[in-house]
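Survey of secondary and tertiary structure
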Amino acid sequence: TSNITSMPEIAGDAALLIDPASPQSIADAMLQIATDENLRQELIAKGRKRKELYSWQKSADLLCKCVEKAMNAKGFLLSLVVIRLVVDYAKRPV
């Protein structure tokens with residue numbers, strides 16, 4: 001996966017990190033995964049374990065905590081702004 005943005009944090013040790021601007025980096029990683037059965041199985045196992053860290057429920061819980069914190073810290077008006085930003089973000093095209 002890409003070695004920029006949040007991808008290294010998300011993938012952890014369950015992926016090969018590549019430079020997305022480098023065709024050679026992408027090709028090298030693809031070749032490694034295609035030819036190294038042990039590496040491939042290791043990454044699959046690590047990926048299955050890593051996915052347990054992420055779920056829609058955990059995301060929703062974190063969002064609720066953030067909104068509650070904003071409401072308590074800065075008042076109701078700021079909370080409405082935060083909620084509006086989250087709703088707008090959720091509606092964005094993927």
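See the structure above.
1. Topic: the layout of surface pockets
The computed volume of the largest pocket comes to approximately 290 Å³. If you trace the largest pocket, you find it lined by Trp56, Ser59, Ala60, Leu62, Leu63, Val86, Tyr89, Ala90 and Arg92. Mapped onto the lining of the largest pocket, the elements with two or more residues apiece are α4 (56-74) and α5 (76-91). Top element by residues in the lining of the largest pocket is α4. It accounts for 5 residues. When its residues are assigned to classes, the lining of the largest pocket shows 7 nonpolar, 1 polar and 1 charged.

Thresholds applied
Residues numbered from 1 in each chain as written. Predicted model: local features only at pLDDT ≥ 70, side-chain atom pairs only at ≥ 80, totals over all residues. Heavy atoms only, no water. 1 Å grid on protein atoms, 1.4 Å probe; cavity = no way out; pocket = protein on both sides within 12 Å on 5 of 7 lines; lining within 4 Å. Points joined across faces, edges and corners; volume = space filled by probe spheres on them. Helix = DSSP H or I, 4+ residues; strand = E, 2+ residues; numbered from the N terminus. Nonpolar A, V, L, I, M, F, W, Y, C, P; charged D, E, K, R; others polar.

So, to be careful, I would describe these as geometric facts and stop short of saying anything about function.
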